[in-house]
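# Per-entry structural report
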Amino acid sequence: MNHKPIRLLLCDFDGTLVDTRMANALAYIETLREVGIEISVEEYLATYFGMRCNEFMCRMGITDPAERERLRLRKIALYPNYFDTLRLNEPLWAFAQSVRRQGGKVWIVSTGSRANIDNVMQHLGLKDGIDGMLSGLEIERPKPAPDCFLEVMRREGCTEEECLIFEDSPVGLAAAEASGIPYFKVDFAALSK
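Parameters at a glance
Residues numbered from 1 in each chain as written. Predicted model: local features only at pLDDT ≥ 70, side-chain atom pairs only at ≥ 80, totals over all residues. Heavy atoms only, no water. Helix = DSSP H or I, 4+ residues; strand = E, 2+ residues; numbered from the N terminus. Rg over C-alpha atoms; globule rule 2.2 N^0.38 Å. Buried < 20%, exposed > 50% of the residue type's maximum accessible area, 1.4 Å probe, protein only. Contact = heavy atoms within 4.5 Å. Areas by Shrake-Rupley, 256 points an atom, 1.4 Å probe, with all protein chains shown as cover. Lys, Arg positive; Asp, Glu negative; His and termini not counted. Charge placed at Lys NZ, Arg CZ, Asp CG, Glu CD. Core = buried A, V, L, I, M, F, W, Y, C linked by side-chain atoms within 4.5 Å. Arc of directions from axis to C-beta. Polar contact = N/O pair within 3.5 Å; in protein donor to acceptor, adjacent residues only side chain to side chain. Axes fitted to C-alpha atoms, helices over the stretch in contact; angles between N-to-C directions. Left-handed = near helix turned anticlockwise from the far one by under 90°. Nonpolar A, V, L, I, M, F, W, Y, C, P; charged D, E, K, R; others polar. Pairing = 2+ DSSP bridges.

### Describing the overall build of the chain
Scanning the chain from N- to C-terminus turns up 9 helices and 7 strands. By the compact-globule yardstick of 16 Å for 193 residues, the chain fits well, its C-alpha radius of gyration being 17 Å. Considering the chain as a whole, with its 193 residues, one finds that 48% of them fall into the buried category. Look at the contacts in the chain between residues 6 or more apart in sequence, and 70% of them connect residues 24 or more apart. When the accessible surface of the chain is totalled, it reaches about 9,700 Å², and 52% of it is carbon and sulfur. In the chain, 23 side chains carry a positive charge and 29 a negative one; their mean positions are 2 Å apart.

### Comments concerning the nonpolar core
The biggest cluster of nonpolar side chains holds 27 residues, and the ones touching the most others in it are L9, F13 and I108. Elements with a minimum of two residues in this core: strand 1 (8-11), helix 1 (21-33), helix 5 (90-101), strand 4 (105-110), helix 6 (114-124) and strand 6 (163-167). Here F13 is in contact with V18, T20, I108, V109, S110, I117, V120 and M121, once residues within four sequence places are set aside.

### Considerations on helix 6
Along helix 6, the residues that are buried comprise N116, I117, V120 and M121. The buried residues of helix 6 all sit within an arc of 125° when viewed along its axis, so they share a single face. Where helix 6 is buried, its residues contact strand 2 (18-19), helix 4 (65-78), strand 4 and strand 5 (132-135). Capping the start of helix 6, S113 holds a side-chain oxygen 3.2 Å from the backbone nitrogen of A115, two or three residues further along. Two residues or fewer after helix 6 comes G125, characterised by a positive phi angle close to 70°.

### As for the packing of helix 1 against helix 2 (residues 41-48)
Viewed as axis vectors pointing N to C, helix 1 and helix 2 meet at an angle of 115°, and their least axial separation amounts to 9 Å. Crossing of helix 1 over helix 2 shows right-handed handedness. Across the interface between the two elements, R21, M22, N24, A25, L26, Y28 and I29 from helix 1 touch V41, Y44 and L45 from helix 2. Of the residues in the contact of helix 1 with helix 2, the class split is 8 nonpolar, 1 polar and 1 charged.

### Comments concerning the pairing of strand 1
Burial of strand 1 is two-sided: the residues L8 and L10 facing one way and the residues L9 and C11 facing the other way are all buried. With 4 bridges joining them, strand 1 and strand 4 adopt parallel strand pairing. Of the residues in strand 4, the one forming a bridge with C11 is I108. Pairing geometry for strand 1 and strand 6, over 4 bridges, is parallel.

In structure tokens, the structure reads:
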């Protein structure tokens, strides 16, 4: 069987390239506490991590769109206070840089907010290690639809066989499966053993 070289690496961000679970949980907990809503770290991580902010806020009972937007911006402002809890997926980052040295491209493909991702990448010094980013609000049908992966593949002029996806969440894995692109499931808990 002939294998084409990997020309395009598509990496989810939160929970795949960077373990942002605790930083996200703590920033959301602080934001919600300011409006009288209590949620535990365990509950957030088990039920809500990886969910788009708007949907999460609706689940928390915040129905007013203006208030959801205010709280979204507040969470973004608080997020850097918890950057000491971030962990880079060192093996994946090293692999991504190896792909780039061999002429391939590395893109972040995430449902997360571009502002949050930019903040984390700046903090960890990763900005120069990627070739592009497509965030959730930039595509009409987000994950679990495969559109985000297919759009980046189209922009880079690659075929499915020349791409590789790294994902962690059920939503992201469903999108990867639907795209027809080979993929790996990332498990941060296993990395720390």
